Amino acid sequence: MAAHAPRSGGVQQAALPFMQDLMDITGHPVHLAVREGSQAVFIERMSHWRARNSRPYIGSHYPLHLTSVGLMLLAHAPVETQEDYLSGRLERRTPLTITSPQELRRMLASIRTRGFAVSDRQVVMDAISVAAPIRDTHGQVIAALSVNTPLGSLKEQTMAHAVQTTALAITRSMALNVQMNR
């Protein structure tokens with residue numbers, strides 16, 4: 001299913017070794033997602049065999065505002081796409097899920113400025129995730145990478161730095177592959 005997700009083939013292949021390293025370094029599950037309309041589609045997942053949480057599955061679809069990868073993808077979507085999304089019904093999964101369009105607009109602006117997104121108990125009450133963008137050779141965000149942690153174990157700045165560094169390495173690897181294939 002992941003192979004059929006839009007724009008997934010090249011980024012998925014390029015991301016695998018970096019995802020493995022990030023998972024080994026952090027000890028937490030790592031996810032790769034792309035945007036398909038108003039959904040984040042998870043196209044790759046890595047976790048240690050002893051991980052207590054197996055979600056999201058490869059092929060899972062989540063509304064963009066719920067997950068850190070979704071927030072990252074929404075923050076870099078065209079303005080028309082953002083406005084269309086924010087004018088619709090925003091699903092609530094937990095008491096902490098942000099469903100205010102005004103608050104989400106502020107959050108998306110902050111994500112673009114900081115370069116990472118955080119989903120703090122937006123999907124379930126026992127997990128937090130941090131995501132960073134993966135870009136194509138034109139600088140467009142084509143995917144997002146995240147680390148998901150159980151509540152209480154996340155050091156936001158440390159995880160943000162690790163995810164950003166890994167996403168940048170994937171971006172550079174893909175650009176190098178494009179150059180080599182010309």
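Quick caveat: nothing in here was measured; it's all calculated off a predicted structure. (Residues numbered from 1 in each chain as written. Predicted model: local features only at pLDDT ≥ 70, side-chain atom pairs only at ≥ 80, totals over all residues. Heavy atoms only, no water.)

> For the overall build of the protein, give the residues involved together with the corresponding values.
Helices and strands together make up the secondary structure of the protein, namely five helices and six strands. For the protein, the N- to C-terminal ordering of α and β elements is α-β-β-β-α-α-α-β-β-β-α. Across the 182 residues of the protein, 49% fall into the buried class. The long-range fraction of contacts in the protein, counting pairs at least 24 apart against all pairs at least 6 apart in sequence, stands at 60%. Split by element, the accessible area of the protein, about 9000 Å² in all, is 53% carbon and sulfur. (Helix = DSSP H or I, 4+ residues; strand = E, 2+ residues; numbered from the N terminus. Buried < 20%, exposed > 50% of the residue type's maximum accessible area, 1.4 Å probe, protein only. Contact = heavy atoms within 4.5 Å. Areas by Shrake-Rupley, 256 points an atom, 1.4 Å probe, with all protein chains shown as cover.)

> Requested: an account of the pairing of strand E2 (residues 39-46), with residues and values cited.
Burial runs high along E2: seven of the eight residues are buried. Of the pairings in the sheet, the one linking strand E1 (residues 30-36) to E2 comprises seven bridges and is antiparallel in character. Among the inter-strand pairings, Ala-33 is bridged to a residue of E2, identified as Phe-42. Connecting E1 to the antiparallel partner E2 that follows it, the hairpin turn spans two residues, and Gly-37 within it adopts a positive phi of roughly 65°. Relative to strand E3 (residues 61-63), E2 runs antiparallel, the two sharing three bridges. Along E3, the bridge assignment pairs Val-41 with His-61. (Pairing = 2+ DSSP bridges.)

> Can you explain the pattern of salt bridges? Please cite residues and give values.
Under the counting rule described, the total for this entry stands at three salt bridges. A salt bridge links Glu-83 to Arg-105, with the shortest nitrogen-to-oxygen separation between them at 2.7 Å. Of this pair, Glu-83 sits in helix H3 (residues 79-87) while Arg-105 sits in helix H4 (residues 101-114), and the two are 22 residues apart along the sequence. Judged by relative accessible area, which is 33%, Arg-105 ranks as partly exposed. One salt bridge connects Arg-93 with Glu-91, and the closest N-O pair in it is separated by 2.4 Å. (Salt bridge = Lys/Arg side-chain N within 4 Å of Asp/Glu carboxyl O.)

> Describe in detail H4, supporting the description with residues and values.
With 14 residues, H4 should cover 20 Å at 1.5 Å per step; its first-to-last C-alpha distance of 20 Å lies within 8% of that length. Among the residues of H4, those classed as buried are Leu-104, Leu-108 and Ile-111. Down the axis of H4, the sector holding all buried residues measures 60°, keeping them to one side. Exposed side chains of H4 directed beyond 90 degrees from the buried face belong to Arg-106 and Thr-113. On its buried side, H4 packs onto helix H2 (68-75), H3 and strand E4 (117-120). After H4 finishes, the residue Gly-115 shows a positive phi value of roughly 90°. (Expected span 1.5 Å × (residues − 1). Arc of directions from axis to C-beta.)

> Give a description of H2 that names residues and reports values.
Here H2 lies mainly inside the structure; eight of its eight residues are buried. Within H2, the full set of buried residues consists of Ser-68, Val-69, Gly-70, Leu-71, Met-72, Leu-73, Leu-74 and Ala-75.

> Break down the pairing of strand E6 (residues 141-150) for me, citing the residues and quoting the values.
Along E6, nine of the 10 residues are buried, which leaves the element largely enclosed by surrounding structure. The sheet contact formed by E1 and E6 spans four bridges and is antiparallel. Bridge pairing in E6 places His-31 opposite Ser-146. Across nine bridges, the pairing between strand E5 (residues 127-135) and E6 is antiparallel.

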